[in-house]
Amino acid sequence: MAELEADLEHVIPSSVPPFWAKLVVGLVSLVCFARSYDGEFVFDDSEAIVNNKDLRAETPLGDLWHHDFWGSRLSSNTSHKSYRPLTVLTFRINYYLSGGFHPVSFHVVNILLHAGISVLMVDVFSVLFGGLQYTSKGRRLNLAPRSSLLAALLFAVHPVHTECVAGVVGRADLLGALFFLLSFLGYCRAFRESNKEGTHSTFWVLLSILLGAVAMLCKEQGITVLGLNAVFDILVIGKLNVLEIVQKVLHKDKSLEYIGVLRNGGLLFRMTLLAVGGAGVLYVRWKIMGTGPPPFTEVDNPASFADSVVVRAINYNYYYSLNAWLLLCPWWLCFDWSMGCIPLIKSAGDWRVIALAALWFCLIGLICQALCSADSHRRRILTLGLGFLVIPFLPASNLFFRVGFVVAERVLYLPSAGYCMLLTLGCGALGKHTQRKVHYNVGKNLADNGNQTAAIRYYREAVRLNPKYVHAMNNLGNILKERNELQEAEELLSLAVQIQPDFAAAWMNLGIVQNSLKRFEAAEHSYRTAIRHRRKYPDCYYNLGRLYADLNRHVDALNAWRNATVLKPEHSLAWNNMIILLDNTGNLAQAEAVGREALELIPNDHSLMFSLANVLGKSQKYKESEALFLKAIKAHPNTASYHGNLAVLYHRWGHLDLAKKHYEISLQLDPTAPGTKENYGLLRRKLEQMQKKDV
């Protein structure tokens, strides 16, 4: 270790005291990422934060433990299964303390978290580089001040962290990393007060496991800290020489002294605790998740859907090489590498296979050095560096389960610490000798901001680059539907459901387009298919009811709208349509009952007040009808129909002056309203006749 410190003297001329090292690292990390404080909520932020009901005060805190990261119930077949309740809790606290969705406060917390993690990295790297030694008073010695400072600085400024720090949803990775490091440092403290080599504090081991579980509740990869703790224990505490053990096993050497180390030093007991604790935490996590994997699609991770095992393996390894390149040379960064950004390698003749060879050439070289180097410190640093690089990355590797992305820079936040270790070691050795665009998300952002023309252009490009991108087809079809370009909308949505037959939203949108094209049987089939794939789909029941109403199938329409309100009691449009249909068919008593039921559930909905007021007026309940009209007008004073229908009520009731007043207000708001103009003309003639009689 002293040799590496000397090798780094040309980089860091003098040893920096721990306090000042941490201060420098913290300030540098703040300077690098402080500019992101005034960013907006972008891309995934809108779904995980702005549209996430779990952040609102009206959502019980207990729901956080039953919902995924995006606010959906984990039991739902559409859930992403990302279980990060502690991260969502911090979003909720952010929302409460800042008084709403003010992105500055969310960004500031992310920046501070990264600074705090970078500071903790000084301690972590000092252990990984310098080993674990304590004074007689239990104070840990930093035997690698230069290397720990350099590695922490590299970590603090690495550009690959941009997505985690500048994107608010990166909070999950930051919190997971924070508790990951605390778990590791807690595990190190298990050996702080040991008078005898090899003994430990079981309390700190158990606390480390608990902190690992907390890390997993922030981001799934947090649980991998238990694997890193095990590797650290074997190499640093147990001082086991892996190569020597392998050689003895291969040569059937009966003098396996290392077995004694396992038994006498307590290493086997600690490994058992870590294994049992990790297995228990993973089992609980699996049960909470509903024991089923998330429903990812081919556009999320094309390689995982390849039929050939060889093609899958080649492409997975190519993804690993891309991740390695992002750590080595983060020249082009992107917040989303899926959706066809990286075409599949389908033959050995693809030149990108060279990247796989280069990756494994480097990895095998590092592994050989980690096993065979004559320098025990070098072996330990290389092994720990590779461990920190690989172990936290395993959940994102597609080896154990399919993941919902191709390459994601956010999952490199923790592995980058291992890379910084290896780079620092490389700097010491050197001193001894002298991007595709993500069109879908841009299009969605433009559409959300009302720029449909530009959104169409980006969605078309997304579909061109990935002809199986069903979500882009669905969104583009929706925009075309709103612009009355129905033929193309139908073609796109039909193709989307052909590619992904269980895409319920696309089936519903296809039904809406077919209904507009008067293709009623096809529309009904599309709506029914959507409901078959998503049983609890109130909006689809609402649209199905509209179809039945167009076909004069009134009972079916009422049943469909009733299903919509059962699934979503606040579905105002479904309630309104029921009231209006019953009113138009002369069922005034039933219409009144439905209207009162709706207003009990949604007491401040002015459109429901208006519809019920119309029914009460026809039933000659003038006083109650007037009160509801006035309440609706108070909520929306500039709605012409509210004033026009109140005028009709007064006209029928005999309050002619009030009727005249509201007819005139209605015509000022909408001079072209034909019914109102006719009624106003009738009222004026009646008033003129009354004046003549008086004369």
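All of these numbers come straight from a predicted model, not from anything done at the bench. (Residues numbered from 1 in each chain as written. Predicted model: local features only at pLDDT ≥ 70, side-chain atom pairs only at ≥ 80, totals over all residues. Heavy atoms only, no water.)

1. Overview of the UniProt feature "transmembrane region" (unreviewed entry) in the chain
Right, so step 1: UniProt records the feature "transmembrane region" (unreviewed entry) for residues 111–131, 168–188, 200–217, 223–246, 267–286, 353–374, 381–401 and 413–431 in the present numbering.
Right, so step 2: The annotated region residues 111–131 carries 95% helix and 0% strand content, and the separation between its end C-alpha atoms amounts to 30 Å.
Right, so step 3: The annotated region residues 200–217 carries 89% helix and 0% strand content, and the separation between its end C-alpha atoms amounts to 27 Å. (UniProt positions renumbered as here; feature names shortened; annotations may be inferred. Helix = DSSP H or I, 4+ residues; strand = E, 2+ residues; numbered from the N terminus.)

2. As for the packing of helix H18 (residues 439–448) against helix H19 (residues 452–465)
Each packed pair of helices is defined by two parameters, the angle between the axes and the distance between the axes.
Right, so step 1: The N-to-C vectors of H18 and H19 enclose an angle of 160°; their axes lie 8 Å apart at closest approach. Taken as axis vectors, H18 and H19 run roughly antiparallel relative to one another. As H18 runs across H19, the sense of the crossing is left-handed. Of the residues in H19, those in contact with His439, Tyr440, Val442, Gly443, Lys444, Leu446 and Ala447 of H18 are Ala454, Ala455, Tyr458, Tyr459, Glu461, Ala462 and Leu465.
Right, so step 2: Taken together, the residues of the contact of H18 with H19 sort by class into 10 nonpolar, 2 polar and 2 charged. (Axes fitted to C-alpha atoms, helices over the stretch in contact; angles between N-to-C directions. Parallel < 35°, antiparallel > 145°, perpendicular 65-115°, else oblique. Left-handed = near helix turned anticlockwise from the far one by under 90°. Contact = heavy atoms within 4.5 Å. Nonpolar A, V, L, I, M, F, W, Y, C, P; charged D, E, K, R; others polar.)

3. What to know about the packing of helix H20 (residues 470–482) against helix H22 (residues 504–516)
Right, so step 1: Direction vectors running N to C along H20 and H22 enclose 20°, while the axes themselves pass 10 Å from each other. The angle between the axes of H20 and H22 places the two elements in the roughly parallel class. Here the hand of the crossing between H20 and H22 comes out left-handed. Residue-level contacts link Asn474, Asn478 and Lys481 of H20 to Ala505, Ala506, Asn509, Ile512 and Val513 of H22.
Right, so step 2: In terms of residue class, the contact of H20 with H22 is built from 4 nonpolar, 3 polar and 1 charged.

4. Quick look at the packing of aromatic side chains
Right, so step 1: Considering all chains together, one arrives at 21 aromatic pairs under this definition.
Right, so step 2: Ring geometry for Phe180 against Phe388: centres 5.7 Å apart, planes inclined by 40°, an arrangement best described as tilted. Within this pair, whereas Phe180 is found in helix H8 (residues 171–189), its partner Phe388 is found in helix H16 (residues 376–390), the two being separated by 208 residues in sequence. The same class applies to Phe180 and to Phe388, which are both buried.
Right, so step 3: Joined through ring pairs, the aromatic side chains of Phe41, Phe69, Trp70, Phe91, Tyr95, Phe101 and Phe106 make up one cluster.
Right, so step 4: Taking NZ or CZ as reference, Arg84 lies 4.9 Å from the ring centre of Phe69, over its face.
Right, so step 5: When the ring centre of Phe305 is taken as origin, the NZ or CZ atom of Arg402, which lies over that ring, is 3.9 Å away. (Phe/Tyr/Trp six-rings, centres within 6.5 Å; stacked < 30°, edge-to-face > 60°. Buried < 20%, exposed > 50% of the residue type's maximum accessible area, 1.4 Å probe, protein only. Lys NZ or Arg CZ within 6 Å of the ring centre and 35° of its normal.)

5. A look at a nonpolar patch on the surface
Right, so step 1: Residues Phe19, Trp20, Leu23 and Leu27 make up a contiguous nonpolar surface patch of about 440 Å² in total accessible area.
Right, so step 2: Structurally, the position occupied by Leu27 is in helix H2 (residues 18–33).
Right, so step 3: We classify Leu27 as partly exposed; its relative accessible area is 49%. (Patch = residues over 30% accessible without salt bridge, like charges linked within 9 Å, V, L, I, M, F, W, Y side chains within 5 Å. Areas by Shrake-Rupley, 256 points an atom, 1.4 Å probe, with all protein chains shown as cover. Salt bridge = Lys/Arg side-chain N within 4 Å of Asp/Glu carboxyl O.)

6. Looking at the nonpolar core
Right, so step 1: Counting residues in each nonpolar core, the largest one holds 104 residues, and the members touching the most others are Phe125, Leu128, Leu132, Phe184, Phe232, Ile342 and Phe388.
Right, so step 2: With 11 residues, the top contributor of residues to this core is helix H5 (residues 103–130).
Right, so step 3: Ile456, Ala523, Ile531 and Leu656 belong to the second largest nonpolar core, which has 80 residues in total. (Core = buried A, V, L, I, M, F, W, Y, C linked by side-chain atoms within 4.5 Å.)

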